[in-house]
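# Residue-level structure breakdown
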Amino acid sequence: MQYWLVKQEPEDFSWADLLREKAVTWDGVRNYQARNNLRAMLLGDKVLFYHSVSDKRVMGVAKVGREAFPDPSASEADRDRWSAVELEPLASLPTPVSLAQIKAEAGLSEIALVRHSRLSVMPLTEEAFLLILKMGGWNDNKETIDS
DNA sequence: GCCAACGTTGGC
DNA sequence: GCCAACGTTGGC
């Protein structure tokens, strides 16, 4: 099991949109580091969904529903250069976790969300992932989210 | 709205 | 291959 965080401006595609649509093709990533992270995702990996810019909060947990495939939003010539995955919603955080809270938490000072604010797809350690869940009011143990 | 950080492009 | 110019992202 690996853990990730993806960012999206809620005006473009929000957590509520994902809950409504039940699945989304996560395409349009045009940064190599982010793309490499997409390609490393495995079926069932857990993905925190973060609202950037206007909201700046972690909203919920999704899972990888399909591993990397050629990005359908890329031009024919670039189809193999860029990748997409599918994400499915798992659960909303009882209380979304703000960027300010994350920055104030010593245990999260090393995560890419803080250190590399422009990266849109990033890995998280299990510790960081579970800590953010806890900060979001997720009181159960990790087996709950795994089931 | 501003600007820092960063990635990409293209001239040389 | 270097680097200046430029575009984009995203926090503030």
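Presented here is an overview of the structure given in this document.

Quick notes on the rules
Residues numbered from 1 in each chain as written. Chains lettered and ligands numbered in written order. Predicted model: local features only at pLDDT ≥ 70, side-chain atom pairs only at ≥ 80, totals over all residues. Heavy atoms only, no water. Near = heavy atom within 4 Å. Polar contact = N/O pair within 3.5 Å; in protein donor to acceptor, adjacent residues only side chain to side chain. Nonpolar A, V, L, I, M, F, W, Y, C, P; charged D, E, K, R; others polar. Pairing = 2+ DSSP bridges. Helix = DSSP H or I, 4+ residues; strand = E, 2+ residues; numbered from the N terminus. Axes fitted to C-alpha atoms, helices over the stretch in contact; angles between N-to-C directions. Core = buried A, V, L, I, M, F, W, Y, C linked by side-chain atoms within 4.5 Å. Buried < 20%, exposed > 50% of the residue type's maximum accessible area, 1.4 Å probe, protein only. Contact = heavy atoms within 4.5 Å.

## Quick look at the protein's contact with DNA strand C
Close to DNA strand C lie Lys 7, Tyr 50, Val 53, Lys 56, Leu 99, Lys 103, Ser 117 and Arg 118. Looking at DNA strand C alone, sugar and phosphate atoms form 79% of those within 4 Å of the protein. For DNA strand C, a phosphate oxygen lies 3.0 Å from a polar atom in the backbone of Val 53. Looking at the surface near DNA strand C residue by residue, the class counts come to 3 nonpolar, 1 polar and 4 charged.

## Here's the deal with the sheet that holds strand β4 (residues 57-70)
Spatially, the 6 strands line up as an open sheet ordered β2-β5-β4-β3-β1-β6, and their pairing is mixed. Of all the strands in the sheet, just β2 (24-26) and β6 (121-124) have a single pairing partner and so form its edges. Pairs of neighbouring strands in the sheet enclose a mean axial angle of 40°, with direction left out of account. Relative to strand β5 (residues 83-98), β4 is paired through 10 bridges, and the arrangement is antiparallel. In the sheet register, Val 61 faces β5, and the bridge partner there is Ala 91.

## As for the nonpolar core
By size, the foremost hydrophobic cluster in this structure holds 42 residues, and its most contacted members are Trp 26, Leu 48, Val 58, Leu 87, Leu 124 and Ile 132. Those residues in contact with Val 58 that sit more than four places away from it in its chain are Leu 5, Leu 48, Phe 49, Tyr 50, Leu 93, Pro 96, Val 97, Ile 102 and Ile 132.

None of the figures reported here should be taken as evidence of function without further support.
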